[in-house]
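# Structure at a glance
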Number of protein chains: 2
Amino acid sequence: MAENEILVGKKPLMSYVLAVITQFSDGTSEITVKARGNTISKAVDVAQIVKNKFAKDAKIGPVNIDTAEVEAKEGGKINVSTIEIPISK
Amino acid sequence: MAENEILVGKKPLMSYVLAVITQFSDGTSEITVKARGNTISKAVDVAQIVKNKFAKDAKIGPVNIDTAEVEAKEGGKINVSTIEIPISK
């Protein structure tokens, strides 16, 4: 995953918020928060908390939603929804 | 809620997909799928299934994410993330 992308998974919400804030303070001007499946809601929370609490001048969007094929545990492929949320400041 | 809005909640995924498809076949040309909190992931699934399986010519977006204040059960207010996904055909 590229340095300016953050994939939201099972860690606590605030660890992803911190990752975004850290990259902004390292000089990155645009970060894309990504997620798939059940963590999509958490990715939206990350973007909103960054904007509301830490970087009120940040711009969010355009948000992109899509579908990806992943290998199922039982074999075969299943579709999962994905989201990409760019945050820039 | 307006006729061309669908709020995704606790019902099964496919009941929201069916609601979108039904409104399209009743002649509605743009429907907004909305959700807040944990159901945001399900709203993205609804939009993607409508597009991938039932209305391949549909356009999705621009997706809007925001924060709303809701009354907490314990009293006081809490913030929840929201999403609005317009689907047009």
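Above this text you will find the structure in question.
Residues numbered from 1 in each chain as written. Chains lettered and ligands numbered in written order. Predicted model: local features only at pLDDT ≥ 70, side-chain atom pairs only at ≥ 80, totals over all residues. Heavy atoms only, no water.

### With respect to the interface of chain A and chain B
As a reminder, the rule being used: What makes two residues a contact is simply this: any of their non-hydrogen atoms within 4.5 Å. When two parts are put together, the accessible area they lose, computed with a 1.4 Å probe and summed over both, is reported as buried area. Numbering of helices and strands runs from the N terminus; a helix is a DSSP stretch of H or I covering at least four residues, while a strand is a stretch of E covering at least two. The residue classification treats Ala, Val, Leu, Ile, Met, Phe, Trp, Tyr, Cys and Pro as nonpolar and Asp, Glu, Lys and Arg as charged. All others, Gly included, are polar.
Across the contact, 21 residues belong to chain A and 21 residues belong to chain B. Note on chain A versus chain B: buried area summed over both sides is about 1400 Å², and carbon and sulfur give 55% of it. Considering only the side of chain A, the residues that lose the most area to chain B are A:Ser41, A:Gln48 and A:Ile65, jointly responsible for 38% of the buried surface there. Listed by contribution, the elements that provide at least two residues to the side of chain A that touches chain B are α2 (40-54), β4 (64-71) and β5 (77-88) of chain A. The greatest single-element share of the side of chain A that touches chain B, amounting to eight residues, is contributed by α2(A). Of the residues assigned to the side of chain A that touches chain B, the class counts are eight nonpolar, 10 polar and three charged.

### Re the relation of the copies chain A and chain B
Copies of the same chain, two in number, are related to each other by a rotation about an axis and a translation along it. To keep things clear, this is the line we draw: When the copies are overlaid, the least-squares fit takes in C-alpha atoms only where the residue has pLDDT of at least 70 in both copies.
Structural alignment of chain A on chain B gives an RMSD of 0.0 Å, achieved by rotating through 180° and translating 0.0 Å along the axis. Both copies are brought into coincidence by an operation consistent with a two-fold rotation axis. An overlap of 100% is found between the interface residues of chain A and their copies at the interface of chain B, pointing to a shared contact surface.

### Thoughts on the pattern of salt bridges
Short version of the rule: The working definition used for a salt bridge is a side-chain nitrogen of Lys or Arg within 4 Å of a carboxyl oxygen of Asp or Glu. Each residue's exposure class comes from its accessible area (1.4 Å probe, protein chains only) as a fraction of the maximum for that residue type: buried when under 20%, exposed when over 50%, partly exposed otherwise.
Applying the stated criterion across every chain yields a total of six salt bridges over all chains. A:Lys34 is the partner of A:Glu5 in a salt bridge, and the nearest nitrogen-oxygen pair spans 3.4 Å. Placement of the pair is A:Glu5 in strand β1 (residues 5-7) and A:Lys34 in strand β2 (residues 30-36), with a sequence separation of 29 residues. Salt-bridge contacts for B:Glu84 lead to B:Lys34; the nearest nitrogen and oxygen are separated by 3.7 Å. With a gap of 50 residues between them, B:Glu84 in strand β5 (residues 77-88) and B:Lys34 in strand β2 (residues 30-36) connect regions that are remote in the sequence. Given the relative accessible area of 32%, B:Glu84 is considered partly exposed. Three or more residues joined by partner-sharing salt bridges are found here, namely A:Glu5, A:Lys34 and A:Glu84.

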